[in-house]
Structure formats: C-alpha cells, structure tokens
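# Structural features, examined
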Amino acid sequence: MQNRSPNAAEGIDVSRYQGTIDWKRVRADGKSFAFIKASQGQRYVDPTFITNAKGIKAAGILLGAYHFVDATSVNAAKAEARHFAEVLDQVGGAKALDLPAVMDYENNPGKLSSAAIHEVALAFLTEFERVSGRKPMVYTGNAFAAHFKAPLGSYKLWIARYSTQVPNDTTAWKRWDFWQYSDSGRVEGIQGPVDLNVYAGTEAELRQAFAGEEGEEPMTAEEKAAFKALQQQVAALENSKDVLKQTINEQSAYIKKVDQRVAELEARQAMPVPTWAKEAVAAAAVNPASPIVDAKLPSSYDFYRLLVVLNRLGLFKTTK
C-alpha cells in the first residue's frame, strides 16, 4: 500500500479508556479528525460516546464513530449493525457524522474460517447501510485484512499497522484511506496514551473528500426512477405554466376587445342626434303638438337609423 503523503492530516481514535478529553486542546495540537467508539456487540454503548461527539463538534474536529464487532454469525452481524445505527441516532444518525461510520473487525474469538469472517463482515456492512442510509468504512489490522475477499474493496479502509513501514497489500485493498500507525501517542488534552492516525492526504483534501457526504449517498434504482418521474412532472408543470400564460394573455386581449365593443355599444344607446339623422329628426318632429321624437334628448343609434328609413319612405308629412 501507499506511504503517507507530505502534510497529511493527523487524527486520533478514542474510547472510554481515554477518560475526559479536552477536545479544544486536541484541536490546538493539530489533530483534525477523530474516531470515537460508539458501540460493541448487540447491546454495549461506550459511556463517553455522546460527550465525546459533542466535544469534537464544538472543537471543529471532523467526527467519525466505530463499532467493535463481536459477531460470529451472519444474523448476529446484522443485529450488531442495527444496534450501531440505533446508537448513532443519539447524535443525529450516521448521516450526521463528518466521516463514514466504521465497522471495527479485528479479531476472531469464535475461531471462524476466513470465508465465515468475510460473510460476517459483508453482512454487517450491507445491513448497516440498509438501516442507516450511509455506506460504512472498514477498520481492521493489516494481518486480519487477509481474511476479507475482493468485494470488500469497494469500502473505504482504515488500516492498523503500528510501524513506519507501510501496510501490505491485501486481496481486497491496495491502498488505505486512514492508517492507524501508533497505539502509544501523546496528545494535548488527553491523559495517557492514545492511538494516532493519518489520512491519505492533507486536511484540506480530507475535508473536501468527505464534504457533503451527509445525506448524499448514491440513489437506489427506485429513488432514481422516482426522481426522474418528479423531473418529468416539473417539466410538465413548466410547460403548463407557459401554456397558461399564453392563454391568459390571449384571454386578456379578447376581454379588452369585448370591453371596447361594449363601450361602443353603450355609447350608441344614448347618443346625440348624428348629422346624418338630423333631417329625419326634424321631419319627425314637425308636429309640435305631438312630436315623434324630442331632438333635445339623446336616443340610440338604432332609433335614429329607423327615423332615417321612415323619412326616406316619405312617412313623415308636414301639416302645412
């Protein structure tokens, strides 16, 4: 595997054995990330987990958490994965962590075969991702990593080798993401020894690599289909909006024309005597005692037109 890079980000991992920690002093000592123990087996919860999580966040250190695997069967591994996810829910869930949640699988008390160890690990990892919504990471020792088959290479690796010599390549991994290189480090803010780790890049690269991972795991096929359908609905709504806007504009123009026509018709209902109708009005009003029309009062267009027609037919006769 690769050697550490220049100016690599430094971090630590802790559990209840480190006692009360001054995380601001840890940060001031140059540590940019920390993995804290959350749980073990199917019931155990590290008593310092929540306190450490809050302290790390307050100090501006990137937070990760791990679960120590005791399982000796696939079913037990799945139960432990669910327990880990439930414990993480106390701090907002796996997606609230800055770094991936970690499966710590490093020993074999049940004397399982390599094949069985691999199946236990795979069961834990897949079950945790299912219940938490976030892909976890693997922590293991350099020698123990030989039990894992190639499929686990899709998971990020936190490898333990207490040496200046780089970890050896394994079937599943040819490079590491985090390297635990010492179990006897000294860090400001912590009484006694503590594990020291390094990231495969600078602190800026570390923050960039994991920025936005919360809640941004790759979508499942069902989620992709739902998202595509939603996009189509949005596109249809946008198109409908344009059509509706055009329709509203057309209707507004039509209403304007109707209003104009109504105004014209209303004006024709009470209009003064038009020039073309004055002769007919005069003829119709020739009998002062009984005028057909009073020229002083406005009448409608149609009434004036009727008078013109009657006048042309000679129906209005003078009394002289």
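You'll find the structure just up there.
Presented here is an overview of the structure given in this document. No experiment lies behind these values; they were computed from the predicted model shown. (Residues numbered from 1 in each chain as written. Predicted model: local features only at pLDDT ≥ 70, side-chain atom pairs only at ≥ 80, totals over all residues. Heavy atoms only, no water.)

The secondary structure content of the protein chain amounts to 8 helices and 9 strands. The 320 residues of the protein chain split such that 41% are buried. Counting contacts in the protein chain only where the partners sit at least 6 residues apart, residues at least 24 apart contribute 64% of the total. Summed over all atoms, the accessible surface of the protein chain reaches about 17800 Å², with 53% contributed by carbon and sulfur. (Helix = DSSP H or I, 4+ residues; strand = E, 2+ residues; numbered from the N terminus. Buried < 20%, exposed > 50% of the residue type's maximum accessible area, 1.4 Å probe, protein only. Contact = heavy atoms within 4.5 Å. Areas by Shrake-Rupley, 256 points an atom, 1.4 Å probe, with all protein chains shown as cover.)

Below, the discussion takes up the packing of aromatic side chains. Counted by the stated rule, this structure contains 19 aromatic pairs. Taken together, a centroid distance of 4.6 Å and an interplanar angle of 65° make the contact between Tyr139 and Trp158 edge-to-face. Here Trp158 lies in strand S7 (residues 157–160) and Tyr139 lies in strand S6 (residues 137–141), a separation of 19 residues in the sequence. We classify Tyr139 as buried; its relative accessible area is 5%. Residue Trp158 is classed as buried on the basis of its relative accessible area, which comes to 1%. In this structure an aromatic cluster arises from ring pairing among Phe33, Phe35, Tyr66, Tyr139, Trp158, Phe178, Tyr199 and Phe210. If you follow Arg4 out to its NZ or CZ, it ends over the ring of Tyr181, 5.0 Å from the centre. (Phe/Tyr/Trp six-rings, centres within 6.5 Å; stacked < 30°, edge-to-face > 60°. Lys NZ or Arg CZ within 6 Å of the ring centre and 35° of its normal.)

Our focus in this paragraph is the pattern of salt bridges. Under the definition given, this model contains 8 salt bridges. Residue Glu203 pairs with Arg27 through a salt bridge whose shortest N-O separation is 2.8 Å. Taken together, the positions of Glu203 in helix H5 (residues 203–210) and Arg27 in helix H1 (residues 23–28) put the pair 176 residues apart, joining distant regions of the chain. A residue is classified by how much of its surface remains accessible, and Glu203, at 23% relative accessible area, is partly exposed. For Arg27, a relative accessible area of 26% translates into the label partly exposed. Connected through salt bridges with shared partners, the residues Arg27, Glu203 and Arg207 form a single ionic network. (Salt bridge = Lys/Arg side-chain N within 4 Å of Asp/Glu carboxyl O.)

Let's shift gears to the nonpolar core. With 57 residues, the main nonpolar core has Ile12, Trp23, Ile36, Leu88, Tyr105, Phe128 and Trp173 as its most contacted residues. Every residue in contact with Ile36, bar those within four places of it in the chain, is listed here: Val14, Trp23, Phe49, Asn52, Ala53, Ile56, Leu63, Gly64, Ala65 and Tyr66. Membership of the second largest hydrophobic core comes to 15 residues, among which are Met137, Ala160, Tyr199 and Leu206. (Core = buried A, V, L, I, M, F, W, Y, C linked by side-chain atoms within 4.5 Å.)

A regular strand carries its side chains on alternate faces of the sheet. Here strand S4 (residues 62–68) lies mainly inside the structure; 7 of its 7 residues are buried. With burial as the criterion, each face of S4 is covered, one bearing Leu62, Gly64, Tyr66 and Phe68 and the other bearing Leu63, Ala65 and His67. Relative to strand S5 (residues 102–104), S4 is paired through 3 bridges, and the arrangement is parallel. Bridge pairing in S5 links Tyr66 to Val102. Taking the sense of rotation as the criterion, the β-α-β connection linking S4, helix H3 (residues 74–88) and S5 turns out right-handed. (Pairing = 2+ DSSP bridges. Right-handed = clockwise from strand over helix to strand, strands pointing away.)

Bringing the pairing of strand S1 (residues 10–14) into the picture now. Counting buried positions along S1 gives 5 out of 5 residues, so the element sits mostly inside the fold. Both faces of S1 are covered, namely the face carrying Glu10, Ile12 and Val14 and the face carrying Gly11 and Asp13. As paired elements, S1 and strand S2 (residues 31–40) share 5 bridges and run parallel to each other. Note on S2: the bridge partner recorded for Gly11 is Phe33.

A word on unusual backbone geometry. Most of the time, phi is negative for any residue but glycine, and the peptide bond is trans. In this structure, Asn7 takes a positive phi of about 60° despite not being glycine. Its place among the elements puts Asn7 in the segment before S1. Notably, Lys111 is not glycine yet its phi reads approximately 55°, a positive angle. Here Lys111 lies in the loop between S5 and helix H4 (114–132).

What follows concerns the packing of H3 against H4. Following both chains from N to C, one finds H3 and H4 inclined at 35°, their axes separated by 8 Å at the closest point. Crossing geometry of H3 relative to H4 is assigned as right-handed. For the pair H3 and H4, contact is made by Val74, Ala77, Lys78, Glu80, Ala81, Arg82, Phe84, Ala85 and Leu88 and by Glu119, Val120, Ala123, Phe124, Glu127, Phe128, Val131 and Ser132, respectively. Residue composition of the contact of H3 with H4, by class: 11 nonpolar, 1 polar and 5 charged. (Axes fitted to C-alpha atoms, helices over the stretch in contact; angles between N-to-C directions. Left-handed = near helix turned anticlockwise from the far one by under 90°. Nonpolar A, V, L, I, M, F, W, Y, C, P; charged D, E, K, R; others polar.)

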